[in-house]
Amino acid sequence: EHRRQGHAARAMTALEREALALGFGGLALNVFGHNPSAHRLYVKLGYEPTSINMFKPLPGAGAA
């Protein structure tokens, strides 16, 4: 019931203000590929992809 209410965007904006006040030049974060909602939020807030990791499970392979 608390999703899509703007809480995460406000928290990230507050974090950015605090980071600026501390002298940081930018922020980096990780977004899992199975979380498109988070990816959309971060893009909306101005974050840009810097790398992409990919994985393919192999048929018949056991858990590593």
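Just above, that's the structure.
Summary of the structure given here. (Residues numbered from 1 in each chain as written. Predicted model: local features only at pLDDT ≥ 70, side-chain atom pairs only at ≥ 80, totals over all residues. Heavy atoms only, no water.)

**Digging into the overall build of the chain**
- Counting its regular elements, the chain contains two helices and zero strands.
- A globule of 64 residues ought to have a C-alpha radius of gyration of about 11 Å, yet the chain, at 16 Å, is considerably larger.
- Dimensions along the principal axes, computed over C-alpha positions, put the chain at roughly 50 × 35 × 20 Å.
- Counting only carbon and sulfur atoms, one obtains 58% of the accessible surface of the chain, whose full area is about 6,200 Å².
- Of the charged side chains in the chain, 7 are positive and 4 negative; the average position of the first set lies 10 Å away from that of the second. (Helix = DSSP H or I, 4+ residues; strand = E, 2+ residues; numbered from the N terminus. Rg over C-alpha atoms; globule rule 2.2 N^0.38 Å. Areas by Shrake-Rupley, 256 points an atom, 1.4 Å probe, with all protein chains shown as cover. Lys, Arg positive; Asp, Glu negative; His and termini not counted. Charge placed at Lys NZ, Arg CZ, Asp CG, Glu CD.)

**Some remarks on helix α1 (residues 7-21)**
- Its 15 residues place the ends of α1 21 Å apart at the C-alpha level, agreeing with the 21 Å of an ideal helix rising 1.5 Å per residue.
- By the burial criterion, the buried members of α1 are A9, M12 and A19. Down the axis of α1, the buried side of the element spans an arc of 85°, and every buried residue falls inside it. Along α1, the residues that are exposed and aim more than 90 degrees away from the buried face are R17 and A21.
- Tucked into the core, α1 has its buried residues touching α2 (36-44).
- Looking one or two places after α1, you find G23, whose phi comes out positive at around 90°. (Expected span 1.5 Å × (residues − 1). Buried < 20%, exposed > 50% of the residue type's maximum accessible area, 1.4 Å probe, protein only. Arc of directions from axis to C-beta. Contact = heavy atoms within 4.5 Å.)

**Some words on the environment of A8**
- Tracing the sequence through the fold places A8 in helix α1.
- Sequence separation of A8 and L27 is 19 residues, and the distance between their C-alpha atoms is 15 Å.

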